[in-house]
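Coordinate analysis (summary)
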Amino acid sequence: MNPNLTYVLVVGVLFAAGVTLLLERSLTRVLMGVILLGNGANLLLLTGGKAGGPPIVGTTAEGDMSDPLPQAMVLTAIVITLGMTAFLLALAYRSWHLNGHDEVQDDVEDRRIMELADRDEGPGTADTDGGDADGDDVDPALATVPADGAATSPAGDAGRGR
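Presented here is a report on the structure given in the accompanying data block. A quick note: this is a predicted structure, and the numbers were derived from the prediction, not measured.

For the chain, the count of helices and strands is four helices and zero strands. Helices (α) and strands (β) of the chain occur, in sequence order from the N terminus, as α-α-α-α. Here the chain holds 162 residues, and the buried ones make up 20% of them. The long-range fraction of contacts in the chain, counting pairs at least 24 apart against all pairs at least 6 apart in sequence, stands at 49%. With an accessible surface of roughly 11300 Å², the chain has 64% of that area assigned to carbon and sulfur atoms.

As C-alpha cells, this is what we get:
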C-alpha cells in the first residue's frame, strides 16, 4: 500500500513546524509545538493503516477488514497529547502568574556547562589559552572538590581525551 503524497507532505510540515516551535524559549510556543507534533504523529499512524471495513469478525470478510492497531495507537496518542497540553498550559500559566511572562530562563548550571563546553578543546587540538599542554588548567571558580580533596573539573576527565 502506498500512502497518499498529500498526507506525507502534511505530516512532514507538521513535524517540521512542531520541532521548530519546540526549540523556542516561550512556553506558549512549546505548547503549540507539542500539539503540532501530536497531530503529525496521529496522521502518520493513520497513513500506515490499511483501509477497509470495520474490524469485527462476522460483519466483514477477513481480507477487507481495516487494521485496528493504528486506530488504537492514535487514540492513545490523543490522550498523551491532551495530557501534555494540560501540563504545559499549567506551566505557562504559573510562569505568567509568577514572572509576568512565559519565557524559560537559563539555569546557572546550564550557563556553567556551556562555558565549560566552549573552553573544551578536545583531543588533538592545539592549546591556545596559554595553559599547560595536558588541559589540566581549570578555572578555580568552576572546579569542584570531592570528598577525597582532589580538585576536579565538573565535566570530569571525559573531555580531556585520557
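Still more to cover.
What follows concerns the packing of helix α1 (residues 5–22) against helix α2 (residues 27–47). For the pair α1 and α2, the least separation of the axes is 7 Å and the interaxial angle reads 155°. Classified by the interaxial angle, the pair formed by α1 and α2 is roughly antiparallel. In this structure, α1 crosses over α2, and the sense of that crossing is left-handed.

Our next topic: α1. Across its 18 residues, α1 extends 26 Å between first and last C-alpha, which sits within 8% of the 26 Å expected from 1.5 Å per residue. All of the buried residues in α1 are Val11, Leu14 and Gly18. Considered in projection along α1, the buried side chains sweep an arc of 65° and stay on one side of the axis. Facing away from the buried side of α1, by more than 90 degrees, are the exposed residues Leu5, Leu9 and Val13.

Attention now goes to the pattern of salt bridges. Within the structure shown, the criterion is met by two salt bridges. Where Arg29 meets Glu24, a salt bridge forms, and the shortest distance between an N and an O atom there is 3.7 Å. Arg29 gets classed as partly exposed once you look at its relative accessible area, which sits at 46%. With its nearest N and O atoms 2.5 Å apart, the salt bridge here joins Glu109 to Arg112. Here Glu109 pairs with Arg112, and both are found in helix α4 (residues 108–119), just three residues apart, close to one helical turn.

Quick notes on the rules
Residues numbered from 1 in each chain as written. Predicted model: local features only at pLDDT ≥ 70, side-chain atom pairs only at ≥ 80, totals over all residues. Heavy atoms only, no water. Helix = DSSP H or I, 4+ residues; strand = E, 2+ residues; numbered from the N terminus. Buried < 20%, exposed > 50% of the residue type's maximum accessible area, 1.4 Å probe, protein only. Contact = heavy atoms within 4.5 Å. Areas by Shrake-Rupley, 256 points an atom, 1.4 Å probe, with all protein chains shown as cover. Axes fitted to C-alpha atoms, helices over the stretch in contact; angles between N-to-C directions. Parallel < 35°, antiparallel > 145°, perpendicular 65-115°, else oblique. Left-handed = near helix turned anticlockwise from the far one by under 90°. Expected span 1.5 Å × (residues − 1). Arc of directions from axis to C-beta. Salt bridge = Lys/Arg side-chain N within 4 Å of Asp/Glu carboxyl O.

All quantities given are derived from atomic positions and should not be read as evidence of function.
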